[in-house]
Structures are given as C-alpha cells and as structure tokens.
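Spelled out, the chains give:
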Amino acid sequence: MASANSAEAPASRPSGPQYLPSSVQGAVKILVTGPFGVGKTTLVGSLSEITPLRTEETMTAASSGVDDLTGRGDKTTTTVALDFGRITLNSRLALYLFGTPGQQRFWPLWDDLSRGALGAIAMVDLRRPDESFDVLGRLEEQRIPFAVAVNTFPDTPSYPEEELRSALDVLPEVPILYCDARDRRQSYDLLIDFVDHLHRSSLLELQP
Amino acid sequence: MNGPVRPYVITGGRSRPTRTDLAIESLVSALPGPLGLPEPPALPEHVLLNREHRRILGLCHSLLSVAEVAAHLGLPLGVVKVLVGDLWDLGAVQVLPPVPQAERLPTTLLEEVLVGLRQLR
C-alpha cells in the first residue's frame, strides 16, 4: 500500500479466517465511502486488524427510467465489490468498516448497507472534489451522520477550511478531517475524531 | 455440485433471506450438534442442505460476520444471507444481530467504541 495508485487495488485473497473471540456479543459498522480511487480500501487496510477482505453483492434493478433504452423493461444485474476490515474493540464488541462505492449507480445497495451504521466517512480527493458531490448529497438525503475525510495525497492542494466547506457545500456541523490513508496512526486519529464527533452529537441530542 | 454454479441455483431460486433481519455485520457461528447439522426430520420440505450450506457450517465453527463468510467462500453476499437464513431457521447456527438495535443507547455504544479505539491507537 505504498502508492496512491494502489488505493483501489484488489484486497488480498483471504489467507484463512481469523475468528472473533467467542466472548463477542455483536458488531457495529461504519461505512467508508467516496468515488473510485479515492483511497477507501487503503484507509480500511490501515485500520483493520485482519487483511482486508473483498466480497461482492449482486444488484438487480429493473432497468426502468433513464437507463431503459430498450423499452422491454429488462432487469440489469451489476456486481459491486465491497472491501472491508474489522477491529475488535473489546471482548464484547467488534467494529466493521465497509468500503462502499459512492457512485450513483450503486445507490440501490445503500439502504441495505447503511441500515444500522453508526455513520459514514466520506473520502474526498481534493484534486477532483467534484467526484464526491454525488455521495455527499446522498448522505445528506439519507440522514446518515458523516464526516468529510480529505485524503492527503502528496500533491493535494490546500485550501482554507471555509473555502473548502463552501466548495463541497457541506453544513457547518459536518466535520472536515484530514488524513493520509496510508498511515495507520493518522487513520486511527481520523476514525477517533469521527466517533468522538458522533458521541458529542448524541449527547447534544439528549439535552432538552 | 462442483465448479461454478449460478447463485440462484445455490439458493433454490430464492433471492431473499427468510429472515429479513440478517445484516452484513451479523455474526454467525455453527451450533454444536451431530456434525453441527440438525437431524433430517428437522428439515422443512423445501430446504435441503446443499454443498454451500455445509461449507458455511464448516467455516463457522467460531464467530464470523456474514460478510466474512461471503468473502472466504467466494459467494455473493445476498446468497450467503439466504443460506445463513436457512441454517438459522434450522437451528444449525446462532446469529448475533448488529448491536445498535435498542438494547444499548447510542450514546453508551458510541462511548464504548471510542474507548476501544483510543486503547488500540
């Protein structure tokens, strides 16, 4: 995982299952989303205690509407690859991190993937921020708590936060965080800052 | 059943799990029993344990998520949900549902996640 180009390289073939301790009582999940090549798999790999795994979901959708040029109402099937990792938080609880494609054509999967998620980390590559607009809009529509995570590639331009916030059109309550997804420590700090934000927001909601 | 088989063949043409509450982060483990399998009379008529059911039981002698089962067996997530749902209905596996379902307040849960992450950092 040395170069930005490896960001979406296939996760390694599983070497063999690494089981959770039998004391674990359940799992939570956080989605890591963003456009192709933004570094989702790299971030998941930096955080995961297991070699990131890849699984596939088949998405069947009636090809109605704009995509249906045939008029036959055929169904289309698309395969979506999800790379994911795991962190055993304590003897009772595990956290899964699911790299989730952000492009609009994968949205039929989102309801299922996002159900029960603590939140989502929306990765942005500032060299091509426009590719993240779709996914940011989707997260707002679905009311999934999220943070923007700028993946700091070596040639990532820097902008004042207000300029960035305005360019990405995200609300003031959405944190904008920075991280080199190849770096384990920075990736952990990003995840901790995000969960800390979720925690503080939940405390605010409890107040009358 | 050797070699690639189209997913709907593996699931007997079903594309939805019998239990709708199976999530990709639900945790699965085979329950002890004769070979980890239920006695034949427990099988509903429409469900026969196929090779993939047996592979799941073989893999899940300890806890793994539905997503991990799918990745290790090279099967689509939707297929694994159906098959794990079958095994759950049959009492051959235990399934631990995702955590944030009412049993813990989100604030308490988020605090637990935060403490865990800070210790691992």
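Residues numbered from 1 in each chain as written. Chains lettered and ligands numbered in written order. Predicted model: local features only at pLDDT ≥ 70, side-chain atom pairs only at ≥ 80, totals over all residues. Heavy atoms only, no water.

1. Focus on the nonpolar core
Here's step 1: If you look at the biggest cluster of nonpolar residues, it comprises 66 residues, and the most contacted ones within it are Tyr96, Phe146, Val148 and Val170 of chain A together with Leu27, Ile56 and Val69 of chain B.
Here's step 2: Counting residues per element, this core draws most heavily on helix H4 (residues 77–89) of chain B, which supplies 7 residues.
Here's step 3: Look past the residues within four positions of Ile56 of chain B in its chain and what remains in contact with it is Val69, Leu73, Leu83, Val84 and Leu87 of chain B.
Here's step 4: Listed in part, the 33 residues of the second largest apolar core include Leu89 and Met123 of chain A together with Leu109 and Leu114 of chain B. (Core = buried A, V, L, I, M, F, W, Y, C linked by side-chain atoms within 4.5 Å. Buried < 20%, exposed > 50% of the residue type's maximum accessible area, 1.4 Å probe, protein only. Helix = DSSP H or I, 4+ residues; strand = E, 2+ residues; numbered from the N terminus. Contact = heavy atoms within 4.5 Å.)

2. Some points on the pattern of salt bridges
Here's step 1: Here the structure, examined in full by the defined rule, presents 18 salt bridges over all chains.
Here's step 2: The partner of Glu112 of chain B in a salt bridge is Arg92 of chain A, with the nearest N and O atoms 3.0 Å apart. Taken together, the positions of Glu112 of chain B in helix H5 (residues 106–120) and Arg92 of chain A in the loop between strand S3 (75–88) and strand S4 (93–101) put the pair across two chains.
Here's step 3: Between Arg128 of chain A and Glu131 of chain A there is a salt bridge, with the nearest N and O atoms lying 2.2 Å from each other.
Here's step 4: On the accessibility criterion, Arg128 of chain A (22% relative accessible area) is partly exposed.
Here's step 5: Here the salt bridges share partners, and the residues they tie into one network are Asp125, Arg127, Arg128, Glu131 and Asp155 of chain A. (Salt bridge = Lys/Arg side-chain N within 4 Å of Asp/Glu carboxyl O.)

3. As for the environment of Val150 of chain A
Residues and elements named next belong to chain A.
Here's step 1: For Val150, the position within the fold is in strand S6 (residues 146–151).
Here's step 2: Taking the C-alpha atoms as reference points, Val150 and Cys179, 29 residues apart in sequence, are found 6.3 Å from one another.
Here's step 3: When sequence neighbours within four positions are dropped, the list of residues in contact with Val150 reads Val124, Leu126, Thr156, Leu164, Ile176, Leu177, Tyr178 and Cys179.

4. Description of the layout of surface pockets
Here's step 1: Its boundaries defined by the atoms lining it, the second largest pocket holds a volume of some 740 Å³.
Here's step 2: If you list the elements that add at least two residues to the lining of the second largest pocket, you get helix H3 (133–141) and helix H5 (184–206) of chain A together with H5 of chain B.
Here's step 3: Top contributing element to the lining of the second largest pocket by residue count: H5 of chain A, with 6 residues.
Here's step 4: Residue composition of the lining of the second largest pocket, by class: 15 nonpolar, 5 polar and 5 charged. (1 Å grid on protein atoms, 1.4 Å probe; cavity = no way out; pocket = protein on both sides within 12 Å on 5 of 7 lines; lining within 4 Å. Points joined across faces, edges and corners; volume = space filled by probe spheres on them. Nonpolar A, V, L, I, M, F, W, Y, C, P; charged D, E, K, R; others polar.)

5. Description of the pairing of S6 of chain A
Both faces of the sheet carry side chains from a regular strand, because those side chains alternate between them.
Residues and elements named next belong to chain A.
Here's step 1: Counting buried positions over the 6 residues of S6 gives 6, a clear majority of the element.
Here's step 2: Of the two faces of S6, the one lined by Phe146, Val148 and Val150 and the one lined by Ala147, Ala149 and Asn151 are each fully buried.
Here's step 3: As paired strands, strand S5 (residues 119–124) and S6 are joined by 5 bridges and run parallel to one another. Its bridge partner lying in S6, Ala122 is registered against Val148.
Here's step 4: A crossover connection joins S5 to the parallel S6 through H3; in handedness this β-α-β unit is right-handed.
Here's step 5: In this sheet, strand S7 (residues 176–179) lies alongside S6 in parallel orientation, the contact comprising 4 bridges. Residue pairing across strands places Val148 opposite Ile176, the latter belonging to S7.
Here's step 6: As for the winding sense of the linkage, the β-α-β connection from S6 through helix H4 (residues 161–168) to S7 is right-handed. (Pairing = 2+ DSSP bridges. Right-handed = clockwise from strand over helix to strand, strands pointing away.)

6. Details of the confidence of the model for chain B
Here's step 1: Considering every residue of chain B, the mean pLDDT works out to 80; 66% of them sit at 70 or more.
Here's step 2: The weakest mean pLDDT in chain B belongs to helix H1 (residues 7–10) of chain B at 58; the strongest belongs to strand S2 (residues 64–65) of chain B at 98. (pLDDT = per-residue confidence, 0-100.)

7. What to know about the packing of helix H3 (residues 66–73) of chain B against H4 of chain B
Geometry of a packed helix pair, given as the angle between the helix axes and the separation of the axes.
All names here are of chain B.
Here's step 1: Here H3 crosses H4 at 115 degrees, and the two axes come no closer than 9 Å. Relative to H4, the element H3 lies roughly perpendicular. For the crossing formed where H3 meets H4, the hand is right-handed. Contact residues: Val66, Ala67, Val69 and Ala70 in H3; Leu77, Val80 and Lys81 in H4.
Here's step 2: Residues belonging to the contact of H3 with H4 are distributed by class as follows: 6 nonpolar, no polar and 1 charged. (Axes fitted to C-alpha atoms, helices over the stretch in contact; angles between N-to-C directions. Parallel < 35°, antiparallel > 145°, perpendicular 65-115°, else oblique. Left-handed = near helix turned anticlockwise from the far one by under 90°.)

8. Observations regarding the packing of aromatic side chains
All names here are of chain A.
Here's step 1: Within this structure, the stated rule accounts for 2 aromatic pairs over all chains.
Here's step 2: A connected cluster of aromatic rings, assembled from ring pairs, spans Phe84, Tyr96 and Phe98.
Here's step 3: A cation over a ring is seen here: Arg127 above Phe153, with NZ or CZ 4.1 Å from the ring centre. (Phe/Tyr/Trp six-rings, centres within 6.5 Å; stacked < 30°, edge-to-face > 60°. Lys NZ or Arg CZ within 6 Å of the ring centre and 35° of its normal.)

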